[in-house]
Amino acid sequence: MSMKTLGQAALLAMIAIGLSGAACSQGETAAVRSISVTGQGEASGPPDRAQISAGVQTIATTVAQASQENQATVEAIMRALGQQGIDKKDIQTSNYSIWPEQQQD
């Protein structure tokens with residue numbers, strides 16, 4: 001039974017119960033009536049959205065070198081995502097940070 005058919009059956013059951021109660025006058029005893037509706041539904045389809053979070057960390061002697069290496073890695077990731085059919089407009093960068101590595105003697 002489809003979900004639409006199940007919904008229609010439930011609506012008809014509620015109307016029937018309401019009408020049977022309305023048909024009884026105050027002096028009459030209403031017979032006990034019941035309607036039981038059971039159904040099952042299933043839906044499937046391809047996913048239309050996924051969310052992943054990934055990071056790239058590069059350690060180098062200069063900021064320029066680290067940025068170049070990082071960019072090369074990110075471009076490889078973008079190519080791989082493109083090969084899976086993900087459009088560039090659907091990819092966002094959420095954070096980009098550069099800081100010096102501090103050594104404590």
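Above this note sits the structure.
Computed from a predicted model, the values in this text were never measured in an experiment. (Residues numbered from 1 in each chain as written. Predicted model: local features only at pLDDT ≥ 70, side-chain atom pairs only at ≥ 80, totals over all residues. Heavy atoms only, no water.)

Q: How would you explain a nonpolar patch on the surface if you had to name every residue and give the values?
A: Side chains of Val56, Val74 and Ile77 sit close together on the surface and give an oily, nonpolar patch of about 180 Å² of accessible area. We classify Ile77 as partly exposed; its relative accessible area is 37%. (Patch = residues over 30% accessible without salt bridge, like charges linked within 9 Å, V, L, I, M, F, W, Y side chains within 5 Å. Areas by Shrake-Rupley, 256 points an atom, 1.4 Å probe, with all protein chains shown as cover. Salt bridge = Lys/Arg side-chain N within 4 Å of Asp/Glu carboxyl O. Buried < 20%, exposed > 50% of the residue type's maximum accessible area, 1.4 Å probe, protein only.)

Q: Mind laying out the layout of surface pockets, listing which residues take part and the relevant values?
A: Empty space left among the atoms is revealed by rolling a probe the size of a water molecule over them. Counted as a void, the largest pocket has a volume near 1700 Å³. Residue lining of the largest pocket: 38 residues in total, with Ala54, Gly55, Val56, Thr93 and Asn95 positioned closest to the centre. Here the residues of the lining of the largest pocket are counted per class, giving 19 nonpolar, 15 polar and four charged. (1 Å grid on protein atoms, 1.4 Å probe; cavity = no way out; pocket = protein on both sides within 12 Å on 5 of 7 lines; lining within 4 Å. Points joined across faces, edges and corners; volume = space filled by probe spheres on them. Nonpolar A, V, L, I, M, F, W, Y, C, P; charged D, E, K, R; others polar.)

Q: Break down the pattern of salt bridges for me, with residues and values.
A: In the structure shown here, the tally under the stated rule is one salt bridge. With a closest N to O distance of 3.3 Å, Asp90 and Lys89 form a salt bridge. In this pair, the class of Asp90 matches that of Lys89, namely exposed.

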